[in-house]
Amino acid sequence: MVLADLTAGAVEDAERRALSRPLADVEKAALARPAAKDARAALAPASRVKIIAEVKRASPSRGALAEIPDPAHQATLYEQGGASAISVLTEERRFGGSLADLEAVTDRVSVPVLRKDFIATPYQVFEARAAGADLALLIVAGLEQHVLTELFSLITELGMTPLVETHSADEIRIAADLGAPLIGVNARDLKTLELDRDLFGRIADLIPAGTTRIAESAVLAPSDVARYREAGADVVLIGEALVTGDPVATLRGFLEVG
């Protein structure tokens, strides 16, 4: 299973980092950071669609996408183009990211920043805050219920906003029971890497009123953003289309249709 392998690898890499930077040190650094930005407000439903723009070098489904030698510069272009938040993939093995990317971005932009990774331990949550993240991703399909609940609580206690990612109606119910302020529906099934472009439209209505609804994956053209918006998306998370072209012009084109 792809998701299980990705999560196991991310945890193994975190354990390796912990050998040189113990949990107590990471926790201290996290608590010393200035307060996280208010991602709930930045991504709150509005009259127009909002976009989370992603710094993404590669993916398991598509392979290498872009080198991105300066992720902070890439993020400033996203902000210039109108992104409401920035997502930084920090997974090393299949996505080519790092915590250094995250820290570089958080030091350069004024919008909230998401640590997107396969987070399964408290250590990774403290790492996210220590690097300046304002949001942290939790994938329902990759976590046992008690772990999901524990990490959700920790993210909230640290002042960050949890983005809870789902892939089914049952997972939306789990996210809703947590009280997740942001619920994402990923069209990419991370267990199989198959893409279901209609998934968001089928299950988005199950997301409780007052919760920000985020559509993830399967966005290559403005028409994809328009389709998600018509299906009820408040926010669309976009990666590949922004790293393979002109990010400012592409972002502005996406925002115009939403």
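Everything here concerns the structure above.
Small disclaimer: the values here were computed from a predicted structure and weren't measured.

Enquirer: Is there a simple way to explain unusual backbone geometry in this structure?
Expert: Peptide bonds are, in most cases, trans, and in most cases residues other than glycine have a negative phi. Here Ile68, not a glycine, exhibits a phi torsion of approximately 45°, which is positive. The residue Ile68 is located in the loop between β3 (63–64) and α4 (71–81) in this model. In this structure, Ala218 is a non-glycine residue whose phi angle is positive, near 65°. If you trace the backbone, Ala218 turns up in the loop between β9 (212–216) and α10 (222–230). Under the relative-accessibility criterion, Ala218 is labelled buried at 11%.

Enquirer: What exactly am I supposed to notice about the pairing of strand β1 (residues 50–55) here?
Expert: The two faces of the sheet receive side chains in turn, since in a regular strand these alternate between them. Within β1, 6 of the 6 residues are buried, which leaves the element mostly enclosed by the surrounding structure. The pairing of β1 with strand β10 (residues 235–238) spans 4 bridges and is classified as parallel. Bridging from a neighbouring strand, Ala53 pairs with Ile238 of β10. Looking at chain direction, β1 and strand β4 (residues 85–89) are connected through 4 bridges and run parallel. When the sheet's bridge partners are listed, Ala53 is paired in β4 with Ile86.

The rules behind these values
Residues numbered from 1 in each chain as written. Predicted model: local features only at pLDDT ≥ 70, side-chain atom pairs only at ≥ 80, totals over all residues. Heavy atoms only, no water. Helix = DSSP H or I, 4+ residues; strand = E, 2+ residues; numbered from the N terminus. Buried < 20%, exposed > 50% of the residue type's maximum accessible area, 1.4 Å probe, protein only. Pairing = 2+ DSSP bridges.

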